[in-house]
Amino acid sequence: MGRSSENIFGDFLFPFNMQSSSEAPEERLKKFKYWGKEPSVRRKHRVSAIVELRKAKKDEQALKRRNIDDLSPISQPEIEVKGANLTLEEIIRGINGTDLHLCFQATQAARKMLSQERDPPLQMTVEAGLVPQLVEFLKSDLYPGLQFEAAWALTNIASGPSELTRAVVEGGAVQPLIELLSCPCMTVCEQAVWALGNIAGDSPEFRDLVISNGAIPHLLALISSETPLPFLRNITWTLSNLCRNKNPYPCAEAVKQMLPVLSDLLQHHDMEVLSDTCWALSYLTDGCNDRIGHVVDTGVLPRLVELMTVSELNVLTPSLRTVGNIVTGTDQQTQMAIEAGMLMVLIQLLTHPRSSIQKEAAWVLSNVAAGPSQHIQQLINHGMLPTLVAVLKHGEFKVQKEIVWTVANFATGSTKDQLILLVQSGILEPLVNLLDVRDSKITLIILDIFFFMLQAAEQLSEKEQLCLLLEELGGIDKIEALLVHQNYRISQAALHLIEKCFCEEEDNGIIPILSMKSISSTGPDTPPASPFLSHAHPLSKHPFVKKQHS
């Protein structure tokens, strides 16, 4: 006797017991927290440093993921063999047919084709018009196996280029996938989570579509102490994609829903869960002070700083980036990061084996140095200056560039005593050596640093001594050589520096300072020792000066 369709599908379409499957310098300066030498101006122009460091590269966190593991819950090997041998034409006929047995077999065969590692026929599947029918199979509540295979196939189609993701969305998949988040079959539910993660990761438009259809409450409801780890990883990754992109940012209500759960997930032990949680927080802090404040108010800073000490790069990188984003916020937000122990960890990261981590740590420090003198003093108190000098001397050039920006912000925002300590630290020698590099932006910034230092030295009646120090280091010769630099801006900056700082006016014209001054350090007329040439004073003799907030 023949078997009814219900009995046929009873064997392999009800897998309820399945287990879960696995520019120009001035433009750059404007990107720091403050721009301008006056404290009031610096505070008013504090903005986020939008540099390449903060952009999540595809190899750091995947926008989309394709499921290529052959973990089908189906237990009938003879059916799988038959399905695996179907041609595309047979798959099309089977999916569009009325025989549920053939529908399942064809859908499974399509999923297998789309799961192959090399050159899966994603485009061909869309062009064959299979997406609408696969979406219909998502609604087959009586047949979880068919739902699972259809969701898996759609997951892999959505992992492709944006036009393929759009085909899935326009095929009406979003709402049925969200409904599957309440499916009693965990494997079907997990595959729906994965598909929604791919859709949300494609663009702000599709992210907001997933959010507006009510996905977040369903996703959060799936998280508990009983959630299997592979499933929890997928949920966390999907949540991170719902936080991604800032043109526009995810809506405030969505962020409000996700933040408490993300804060809890930050305490998890699994590195993959921690990685995606940190990436989510990095996206949410990549914005205005209010958005940063929403994250900081959850109390995550101490844990983020703790995660900056782990050896796993997939956690260290996003935790460092999140803290770096927070430091671009208000003075109070930066201070909270400092109080959480950030500076001591950053000192260690400046000597991390990976230069990319050194570079990002230096970027964070540059934004601390762009703050008020109180923050600069805390850099000094934590012993940051010797490490900055060492990295500036021996680090890779991409790291040295970030240190130059740190020094520039330090110099323009420090008190006179702090500036003296900066000079005494030995910072001039590596800065002079970097004047030879073929990087016009960095050369201009170093010339600006020297100009500012010499202006400050003049106010302290120490300009001659600083000129002597620069001459001993070969700085004046290098600056003079820049007068004929092929870059007009560099040659003009060098000329301006020489005219304003290394020469002084007399009745018969402008003459070099050093040619008319005795540099003898002996004899009865020897001036008092210069703080720029002496050994570093104890910090207790140089209390930081508080500046009034505007």
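Model, not experiment: these values are computed from the prediction.

Draft legend 1. A look at the overall build of the protein. Along the protein, the regular secondary structure elements total 33 helices and two strands. Within the span of the protein, comprising 550 residues, buried residues form 55% of the whole. Carbon and sulfur atoms make up 52% of the accessible area of the protein, which totals about 24,000 Å².

Draft legend 2. Broad picture of the packing of aromatic side chains. Counting across every chain of the model gives two aromatic pairs. Between Phe148 and Trp152 the ring centres are 5.4 Å apart and the planes differ by 75 degrees, which places this aromatic pair in the edge-to-face class. One end of the pair is Phe148 and the other is Trp152, both in helix 9 (residues 144-158) and four residues apart, which spans about a single turn. Where Trp279 meets Tyr283, the ring centres are 6.2 Å apart and the plane angle is 20 degrees; that geometry is what we call stacked. With a gap of four residues between them, Trp279 and Tyr283 both fall in helix 17 (residues 271-284), about one helical turn apart. Residue class for Trp279 comes out buried when judged on its relative accessible area of 1%. Looking at Arg111, its charged tip hangs above the ring of Trp152, at a distance of 4.1 Å from the centre.

Draft legend 3. Local environment of unusual backbone geometry. A cis amide bond links Asn247 to the next residue, Pro248, at an omega of 5 degrees. As for its placement among the helices and strands, Pro248 is situated in the loop between helix 15 (229-243) and helix 16 (252-265). Phi angles above zero are rare outside glycine, and Asp119 is one such case at about 50 degrees. Here Asp119 lies in the loop between helix 6 (100-114) and helix 7 (122-127). Under the relative-accessibility criterion, Asp119 is labelled exposed at 70%. Even without being glycine, Ser461 reaches a positive phi, approximately 60 degrees.

Draft legend 4. Layout of helix 16. Look at helix 16: 20 Å from first C-alpha to last across 14 residues, which is about the 20 Å you get at 1.5 Å a residue. At Leu259, helix 16 shows its largest bend, some 30 degrees, and a proline, Pro260, comes one to four positions later. Taken together, the buried positions of helix 16 are Ala254, Val255, Met258, Leu259, Val261, Leu262, Ser263 and Leu265. Looking at the buried positions of helix 16, the neighbouring elements they touch are helix 13 (204-212), helix 14 (215-221), helix 15, helix 17 and helix 18 (289-296).

Draft legend 5. Fine view of the state of the cysteines. All chains considered together, the criterion is met by zero disulfides. Here Cys501 is not disulfide-linked; the sulfur of Cys467 is the nearest cysteine sulfur, at 7.1 Å. Exposure remark for Cys501: the relative accessible area of 2% places this residue in the buried category.

Draft legend 6. Structural context of helix 12 (residues 186-200). Spanning 15 residues, helix 12 covers 21 Å between terminal C-alpha atoms, matching the ideal 21 Å at 1.5 Å per step. The element helix 12 is extensively covered by neighbouring structure, given that 14 of its 15 residues are classed as buried.

Draft legend 7. Broad picture of the packing of helix 6 against helix 9. As a packed pair, helix 6 and helix 9 sit with axes 9 Å apart at the nearest point and diverge in direction by 30 degrees. As summarised for this structure, helix 6 and helix 9 are arranged roughly parallel, according to the angle between their axes. As helix 6 runs across helix 9, the sense of the crossing is left-handed. Contact residues: helix 6 offers Cys103, Phe104, Thr107, Gln108, Arg111 and Leu114, while helix 9 offers Gly145, Leu146, Glu149, Ala150, Trp152, Ala153, Asn156 and Ile157. Classifying every residue of the contact of helix 6 with helix 9 by side-chain character gives eight nonpolar, four polar and two charged.

Draft legend 8. Examining a negative patch on the surface more closely. On the surface, a cluster of negative charge is contributed by Glu471, Glu472, Asp477 and Glu480. Taken together, the elements giving at least two residues each to the negative patch come down to helix 30 (463-472) and helix 31 (475-481).

Draft legend 9. Expanded view of the nonpolar core. Met342, Leu346 and Phe450 are the most contacted members of the largest nonpolar core, which totals 162 residues. Of the residues forming this core, the biggest block, 13 residues, is contributed by helix 29 (residues 440-459). Filtering out sequence-adjacent residues up to four positions away, Leu346 remains in contact with Met308, Leu320, Ala361, Val364 and Leu365.

Draft legend 10. Region of interest: the environment of Cys183. Mapping Cys183 onto the fold places it in the loop between helix 11 (174-179) and helix 12. Relative accessible area serves as the criterion here: at 15%, Cys183 is assigned to the buried category. When the C-alpha atoms of Cys183 and Asp141 are compared, they prove to be 8.4 Å apart, with 42 residues separating the residues in sequence. In contact with Cys183, other than residues within four places in its own chain, are Gln147, Val188 and Cys189.

Draft legend 11. Quick peek at the confidence of the model for the protein. Per-residue pLDDT for the protein averages 83, and the proportion of residues at 70 or more is 77%. Overall, residues 27-31 carries pLDDT values under 50, and its contacts beyond four positions in sequence, including any with other chains, amount to 16 contacts. Low pLDDT, under 50, characterises residues 34-59; the predicted model gives this stretch 82 contacts beyond four residues in sequence or across chains.

Draft legend 12. Inspection of the environment of Ile92 at higher detail. The topology assignment puts Ile92 in helix 5 (residues 88-96). You can call Ile92 partly exposed: its relative accessible area is 24%. Through-space distance from the C-alpha of Ile92 to that of Ala110 is 8.9 Å; in sequence the pair is 18 residues apart. Here Ile92 is in contact with Ala128 and Leu130, once residues within four sequence places are set aside.

Draft legend 13. Inspection of a nonpolar patch on the surface at higher detail. A cluster of nonpolar side chains, Leu483, Val484 and Leu495, forms an exposed patch at the surface whose accessible area comes to about 260 Å². Mapped onto the secondary structure, Val484 falls in the loop between helix 31 and helix 32 (488-501). The exposure class assigned to Val484 is exposed, which follows from its relative accessible area of 72%.

Parameters at a glance
- Residues numbered from 1 in each chain as written.
- Predicted model: local features only at pLDDT ≥ 70, side-chain atom pairs only at ≥ 80, totals over all residues.
- Heavy atoms only, no water.
- Helix = DSSP H or I, 4+ residues; strand = E, 2+ residues; numbered from the N terminus.
- Buried < 20%, exposed > 50% of the residue type's maximum accessible area, 1.4 Å probe, protein only.
- Areas by Shrake-Rupley, 256 points an atom, 1.4 Å probe, with all protein chains shown as cover.
- Phe/Tyr/Trp six-rings, centres within 6.5 Å; stacked < 30°, edge-to-face > 60°.
- Lys NZ or Arg CZ within 6 Å of the ring centre and 35° of its normal.
- Expected span 1.5 Å × (residues − 1).
- Bend = angle between axes of the 7 residues up to and from the residue.
- Contact = heavy atoms within 4.5 Å.
- Disulfide = S-S within 2.5 Å.
- Axes fitted to C-alpha atoms, helices over the stretch in contact; angles between N-to-C directions.
- Parallel < 35°, antiparallel > 145°, perpendicular 65-115°, else oblique.
- Left-handed = near helix turned anticlockwise from the far one by under 90°.
- Nonpolar A, V, L, I, M, F, W, Y, C, P; charged D, E, K, R; others polar.
- Patch = residues over 30% accessible without salt bridge, like charges linked within 9 Å, V, L, I, M, F, W, Y side chains within 5 Å.
- Salt bridge = Lys/Arg side-chain N within 4 Å of Asp/Glu carboxyl O.
- Lys, Arg positive; Asp, Glu negative; His and termini not counted.
- Charge placed at Lys NZ, Arg CZ, Asp CG, Glu CD.
- Core = buried A, V, L, I, M, F, W, Y, C linked by side-chain atoms within 4.5 Å.
- pLDDT = per-residue confidence, 0-100.

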